[in-house]
Amino acid sequence: MLRLFLQFELGKVKKYFKTNTTAKVITAVLFLVVFVFLGMGIYGFFASGFRYIYFGIEEEFKIPLFLFIYETFLLILAGVIVVSSMVSGVFNLFRGQNDAWFIGTPGYKIFPKLIFVKSLFVSIWPLIIIFLPVVLAFNKMYQLGFGSFLLIIFSVILLLVLTNAITLSLIVFIGYLYFLVSKIITPVAFHFKGFVAILLVTVIVNLVYVWKVVSQLDLVRIFKADNADAIITTANIGSYFEAFPTHSLAMEILSLQRGNFNEALTHAGNLTLIALVAIIAWWLVSYLFYPLWQVFQEGNNKETEKKNTRSGKVYQFQGSQLTALFKKESLIASRNWKNVLWFSFLACIWLVQIGVSVIMEHNIRRHETDISATLAILQTIQFVIAAYFICAFTLRFVFPSFSIEKKTSWILGTAPVSMTRLFFGKYFFYTSFFVLLGLVMNYINVNVLNVSITQALYSTTLLVVTIVFVVTFGMILGALFPNKESDDPGVISTSMSGLFFTASSLLYGGLGAWTLYQALTKGELVFIEAFVLFSLLLVAVMLSRVSYVMRRSIFD
Amino acid sequence: MLKVQKITKLFGKKKAVNGVSFEINKGEIFSLIGPNSSGKTTIVKTITGLLRPTSGSVEIGGIDVAKFPEKTKAQVGYIPDEPTVWSYMTGEEFLYFTQALFGVPESKRKANIPKLLKIFKLQGSEKDYFEDYSRGNRQKFSIVAAMSHDPKLLLIDEPIVGLDPTGAEIAKNIFLEYAKKGGSILLVTHTLSVAQEISNRIGILKDGKLRAVGTLAELRRKAGLAESASLEEVYMKLA
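Counting of residues starts from 1 at the beginning of each chain's written sequence and follows it residue by residue. Chain letters start at A and ligand numbers start at 1, both assigned in the order the entries are written. Per-residue local features are limited, in this predicted model, to residues with pLDDT of at least 70; the limit for side-chain atom pairs, both in listing and counting, is 80 or more; totals at the level of whole chains, interfaces and linings are taken over all residues.

Q: Give me the overall build of chain B: which residues, what numbers.
A: Strands here are runs of E lasting at least two residues and helices are runs of H or I lasting at least four, both read from the DSSP assignment and numbered beginning at the N terminus. Summing up its helical and strand segments, chain B has nine helices and 10 strands in all. Throughout, radius of gyration means the C-alpha value; the globule benchmark is 2.2 Å times the number of residues raised to the power 0.38. Its C-alpha atoms give chain B a radius of gyration of 18 Å, near enough to 18 Å, the size a compact globule of 239 residues would have. Judged by the C-alpha coordinates and their principal axes, chain B covers about 50 × 40 × 35 Å. For chain B, buried positions account for 48% of its 239 residues. Residues are defined as contacting one another if the C-beta atoms placed from their backbone atoms lie within 7 Å. A sequence separation of at least 24 residues applies to 69% of the contacts in chain B between residues at least 6 apart. Counting other C-beta atoms within 10 Å of each residue's C-beta, where C-beta atoms are placed from the backbone, gives the exposure class: buried for 20 or more, exposed for 12 or fewer, partly exposed between.

See below:
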C-alpha cells in the first residue's frame, strides 16, 4: 500500500509537469537557485555569527551563550514545525481531497501512517534550507569530523520525527476526547469547526504561556552579567530549557563543540528514546483515527438535523455592489478555517519577532541600557521583518485570490458587475485588512523600542506604502496570470509568476528598509519622499490597468 | 429575445463551436442536445459572457453581449452544470448576495427569501453552509438564485442532474410557468425526456455544429421517423 501511495504521489508530480513543461521546469530550477542562495545566506550569517562569538566573546560567557543560542534556535524551529504540522495535519487527516476512496479500501489502516510520512516529508524543508547550512557553518568553525556531522543530521531527523508524531497524536487525541465529551454532555455539539476551534485555543493557550515565560526572561540575570563574581554554567542555562525535547539536541551539539563525542552520543540516545516514545504514542493513538474520521463524516448530517440552529450573523450584503463584494470577501476569509489557521501560523512566526522585541524591551528597561547607537539598526530590522511577513501574507492569501475563484467564477462572471468592481471588491478588503494588521504590529514594534514620534512616523509611512504597493502588485499579478490548473493556494503561490512576485516584493521591501535606514541615520528625507512617490505612482499605473488585467483573468 | 449569430469558439487549435446560429423568442423554451464535447456548454458560457467568442455575435434583447455585457447580464439568469458556491456561505446568504449583485432593491431582498425558499421547500436548510448541502440542494439553490432577480432569459446547463424526482418535477413546472409568463429559456441537457416534455424547439449539436433545428415534429420529419417517435430515437438518427 505504501508503494502504491508513493507511486500515486510520484504520478501527481509527473502529471503536474506534463502541461506547460518548459515554464514549470524553469520555475523549479529558479526555486532551486533561490533555495541555494538562501542556504548560502544562512550559512554566511551563522558562520560569521559563530566566528564572532568564538573570537569576540569573553571565555566564561562563550559556552553558556552558545548553549542559549542552540536552545532558543531549536525551540523556535520545533515550535514552527509543530504549528505547521498541526495546520496541515488537521486537514490532511480529516479533510483531504478524495480521501474517501482510500479510507474505503481494505488498506485504510495505513492512512494515518501515510499522513505521518507526508507530514514528515513536508517538514523536512527547514532541515534542508535552514538547518543544513547552520550545521555546515558549525562544522566549519569547529572542524568536526564526518561522524559528528552525521550524528547531528540524524538527531535533527529524530527531532522532526518526534515533533510530527507528538503533533499528530495530539490532534487525534484531542479530537477523540472532544468526541467522547460531546457524547456524554449532549449540549456540546461535535463538528469539525468546533474541533479546529479547540485546537486553535490549545495553541493560543500554549502561546500565551510561552509568551508569559519568555517576556519575563531576564537575560542579564541568566548570564549573571550584573554579578562579576558569579559563575555561569551550562546547567544554569539548560535549566530553563530542560522541559523541552529540544534540550537533548542542544546539549548534543554543545558536547560535539567541546569535542566530547561520547557525551554527545548519550544525548543522542536520550533523543532517540524520546522519539521512540513519541512514535509509540502515535502508533497507539492512530487506532483512534478511523472511528474519529467516520464521525467527522457524520458531522454534516448531524448539522442538518438541527434545523435553523446556526446562530451568528447572517450577511445580507446591504449597500452597493462594491460593498456586497467587500462583505463577501470578509465572509469567505473569516469562515475559511484552513485560511484562518494558515494566517494564525504566519502570525505566530511574526509574534516570535515581537516576542524577541518584548524580551529586549524588558531587559533594556530593567537594566537601563543605552541602545541609542543601535536604535536605527533595530528599527530597520523590525521593518525588514514586517515587510517580509507582508510579502508572505500577500503570497499566501492575495496572490491566489483570483485563481481560487475558478469554480465559483460563474457567480461573479455572470452577474452584471463590471470587472473593475470585481477587482476592487477584493482589493479594498485585502488592502484595508493588511494595512490594519501592519499598523498594529508597527505600533507594538515602535513602542517596544520607544522611538521618537518622527522616527515612528518614518517607519509607519514606509510600512503603509509598502503594504499598499505589495498588495496591489500581488493582486494585479495574480489576476494577470491566473492558475487554471489548480485552486490550491500552496500550488498557485509556487508558479513562475508567484516566484516573480516573491523576488520582486522582497527586493522592494529591502529598498524600503534601506530608505528607512538612510532617514534614521542621516536624516535624509529625500529617499523616503522618492520611495513614497515612486511607489504611489506605480500603484496608480497598476490600478489604471485593472480593466485590461481583468479581461485576462479567470472571468474571461 | 436571444439571437446567436455564427458564433465560433476556438480553444487553441480545437474548434469547440463552429458557426452556430439560432434564435429564441419571448416565451419560448429552446433545448440544445448533443453528445459530450459537442459544444453545448461552450455556447451557454459564451451567451452568459463567461467566454468570449472567437467570431460571431450574441444579442440579448437586441443588445450585443460583447459590447454591453453588464446590460445583457442583468437580463439573464444562469444555472450551471456544476453549481459550486463558496463552501462557507449559507444558502440564505447566497440568495441575498445574488440579489445584491443583480441590483434587486434592498427593500425587496428580505421579502423575496421566503418565496424563493418555498419553491423547492428549502425552508430549514437555508442557514447551512454550502459544503453541507447535497448535490441536489446545491442545484435547487442555484435555480432559485437564478430566478431571484426576475430575468428575461434563463440559461440552464443540465437542469435536473442531482435532483430527486419531486425536485425534478418542480423544476420542470417552474420552467414551464416561467415561459408561460413570457420568459425565454435555453436548455442544455442530456436528459432527452425533459427536453421532449418542455421544449418548443430543439437543436441537435454535434462536433460544434448545429445539425438540425426545429420542433419535435419537424425533427421527426427530418429524421424520416414516424410521428410517435421519441426524441431519443430522433437524436440517435440525427446526432
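Q: Quick one: what's the story with the sheet that holds strand E4 (residues 55-60) of chain B, residue by residue and with numbers?
A: Within a sheet, adjacent strands bond to each other through the backbone by hydrogen bonds, running parallel or antiparallel. Residues and elements named next belong to chain B. In spatial order, the strands read E2-E1-E4-E5; together these four strands make up an open sheet with antiparallel pairing. Strands with a single pairing partner mark the edges of an open sheet, and in this sheet they are strand E2 (14-24) and strand E5 (63-64). Strand pairing follows a simple DSSP-based rule, namely that at least 2 bridges must link the two strands. Where E4 lies against E5, two bridges are found, and the strand directions are antiparallel. Note that in E5 the partner of isoleucine 60 across the bridge is isoleucine 63. A fitted line through C-alpha atoms serves as each axis, taken over the contacting stretch for helices, and the angle formed by two N-to-C directions is quoted from 0 to 180°. Helix H1 (residues 40-48) rests against strand E1 (2-11), E2 and E4 of the sheet, and its axis sits at about 115° to E1.

Q: Account for the confidence of the model for chain B, with residues named and values stated.
A: Residues and elements named next belong to chain B. Summary statistics for chain B give a mean pLDDT of 92 and a share of 100% for residues scoring 70 or more. pLDDT is a per-residue confidence score from the predictor, ranging from 0 to 100. Of all secondary-structure elements in chain B, the lowest mean pLDDT belongs to helix H9 (residues 231-238), at 90, while strand E6 (residues 76-79) reaches the highest, 96. Scored as a whole, the predicted complex attains pTM 0.81, and scored at its interfaces, ipTM 0.92.

Q: An account of the pairing of E1 of chain B is requested, with residue identities and associated values reported.
A: Residue and element names in this part refer to chain B. Taken together, the seven bridges between E1 and E2 define a ladder with antiparallel strand orientation. Bridge assignment links leucine 2 to a residue of E2, and that residue is isoleucine 24. As consecutive antiparallel partners, E1 and E2 are separated by two residues, and within that stretch glycine 12 has a phi angle of approximately 65°, a positive value. Where E1 lies against E4, five bridges are found, and the strand directions are antiparallel. Looking across to E4, one finds that leucine 2 is bridged to isoleucine 60.

Q: I'd like to hear about the interface of chain B and chain A, residue by residue, with values.
A: Facing 30 residues of chain B, the contacting portion of chain A comprises 29 residues. Elements that contribute at least two residues to the side of chain B that touches chain A include exactly helix H2 (69-73), E6, helix H3 (91-101) and helix H4 (106-119) of chain B. Among the elements that take part in the side of chain B that touches chain A, H3 of chain B stands out by supplying six residues, more than any other. Asp, Glu, Lys and Arg are counted as charged, while Ala, Val, Leu, Ile, Met, Phe, Trp, Tyr, Cys and Pro are counted as nonpolar; the rest, among them Gly, fall into the polar class. Grouping the constituent residues of the side of chain B that touches chain A by class yields 14 nonpolar, six polar and 10 charged.

Q: Outline the confidence of the model for chain A, listing residues and values.
A: Across chain A, the average pLDDT comes to 84, with 90% of residues at 70 or higher. Per-residue pLDDT stays below 50 along residues 301-309 of chain A; that stretch engages in 10 contacts with residues further than four places along the chain or on separate chains.

Q: Break down the nonpolar core for me, citing the residues and quoting the values.
A: For our purposes the nonpolar core covers buried Ala, Val, Leu, Ile, Met, Phe, Trp, Tyr and Cys residues that link as a set through C-beta atoms within 7 Å. Judged by nonpolar contacts, the single largest core of 124 residues is most densely connected at Ile390 of chain A together with Ile47, Leu155 and Leu186 of chain B. Per-element accounting of this core gives the leading share, 13 residues, to helix H19 (residues 453-480) of chain A. If sequence neighbours within four positions are ignored, leucine 186 of chain B has contacts with Leu2, Ile24, Phe30, Leu32, Val44, Ile47, Leu155 and Ile156 of chain B. Core analysis: the second largest hydrophobic core is formed by 59 residues, Ile115, Ala137, Val156 and Trp342 of chain A among them.

Q: Quick one: what's the story with unusual backbone geometry, residue by residue and with numbers?
A: Residues and elements named next belong to chain B. Phi at lysine 6 is positive, roughly 45°, even though this residue is not glycine. Here lysine 6 lies in strand E1. The phi dihedral of lysine 121 falls on the positive side, at around 55°, and the residue is not glycine. Of note, lysine 121 is situated in the loop between H4 and helix H5 (135-147). Judged by the 12 C-beta atoms lying within 10 Å of it, lysine 121 is exposed.

Q: A description of the packing of helix H7 (residues 146-184) of chain A against helix H11 (residues 246-257) of chain A should follow, citing residues and the corresponding values.
A: Residue and element names in this part refer to chain A. For the pair H7 and H11, interaxial distance at closest approach is 10 Å and the crossing angle is 175°. For the element pair H7 / H11, the angle class is roughly antiparallel. Each of Ser148, Ile152, Ser155 and Leu159 in H7 lies in contact with H11, whose residues at this interface are Thr246, Leu249, Glu252, Ile253 and Leu256. The residue inventory of the contact of H7 with H11, partitioned by class, reads five nonpolar, three polar and one charged. In what follows, roughly perpendicular refers to angles from 65 to 115 degrees, roughly parallel to angles under 35, roughly antiparallel to angles over 145, and oblique to any angle outside these ranges.

Q: Tell me what's going on with the pairing of strand E3 (residues 29-33) of chain B, and back it up with residues and numbers.
A: All names here are of chain B. Counting buried positions along E3 gives five out of five residues, so the element sits mostly inside the fold. Both faces of E3 are covered, namely the face carrying Ile29, Ser31 and Ile33 and the face carrying Phe30 and Leu32. Sheet topology note: the E3/strand E8 (residues 184-188) ladder contains four bridges and is parallel. Paired with serine 31 across the strands is leucine 187, a residue of E8. Relative to strand E9 (residues 201-206), E3 is paired through four bridges, and the arrangement is parallel. Each residue of the ladder has a partner; that of phenylalanine 30, found in E9, is arginine 201.

Q: I'd like a rundown of the sheet that holds strand E10 (residues 209-214) of chain B, residues and numbers included.
A: All names here are of chain B. Pairing is mixed across the open sheet formed by six strands, whose spatial order is E6-E7-E8-E3-E9-E10. In this open sheet, the two strands that pair with only one neighbour each are E6 and E10. Taking the axes of each pair of neighbouring strands and ignoring which way they run, one obtains an average angle of 15° across the sheet. Seen against the sheet, helix H8 (residues 216-223) touches E9 and E10 and runs at an angle of roughly 115° to E10. Strands in contact with H9 are E3, E9 and E10; relative to E9, the strand with the most contacts, it is inclined by about 35°.

Q: Let's hear about helix H18 (residues 419-449) of chain A: which residues, and what values?
A: Take the residue count of a helix, subtract one, and multiply by 1.5 Å to get its expected span. Its 31 residues place the ends of H18 of chain A 44 Å apart at the C-alpha level, agreeing with the 45 Å of an ideal helix rising 1.5 Å per residue. A positive backbone phi angle near 55° is found at asparagine 450 of chain A, which sits one or two residues after H18 of chain A.

Q: Got a sec to walk through the domain arrangement of chain A? Specific residues and values, please.
A: Residues and elements named next belong to chain A. Source of the domain bounds: an automatic or database domain assignment. By domain assignment, chain A separates into domain 1 (1-299) and domain 2 (319-556). Placing the centre of domain 1 and that of domain 2 at their C-alpha centroids yields a distance of 28 Å. Contact residues are listed per partner, giving 23 residues for domain 1 and 20 residues for domain 2. Here the side of domain 1 that touches domain 2 gets seven residues from one element, more than from any other, and that element is helix H8 (residues 192-215). For the side of domain 1 that touches domain 2, the residue count by class is 17 nonpolar, four polar and two charged.

Q: Talk me through the environment of isoleucine 26 of chain A; I want residue IDs and the actual numbers.
A: Residues and elements named next belong to chain A. Relative to the helices and strands, isoleucine 26 is located in helix H2 (residues 21-56). What makes isoleucine 26 partly exposed here is the crowd of 13 C-beta atoms within 10 Å. Distance from isoleucine 26 to tyrosine 517, taken between C-alpha atoms, is 35 Å for residues 491 residues apart in sequence.

Q: Mind laying out H1 of chain B, listing which residues take part and the relevant values?
A: Each turn of an α-helix holds 3.6 residues, which means side chains three or four residues apart point in the same direction. Residue and element names in this part refer to chain B. Of all nine residues in H1, nine are buried, a share of seventy percent or more. Residues Lys40, Thr41, Thr42, Ile43, Val44, Lys45, Thr46, Ile47 and Thr48 constitute the buried set of H1. Once H1 ends, the next one or two residues include glycine 49, with phi positive near 95°.

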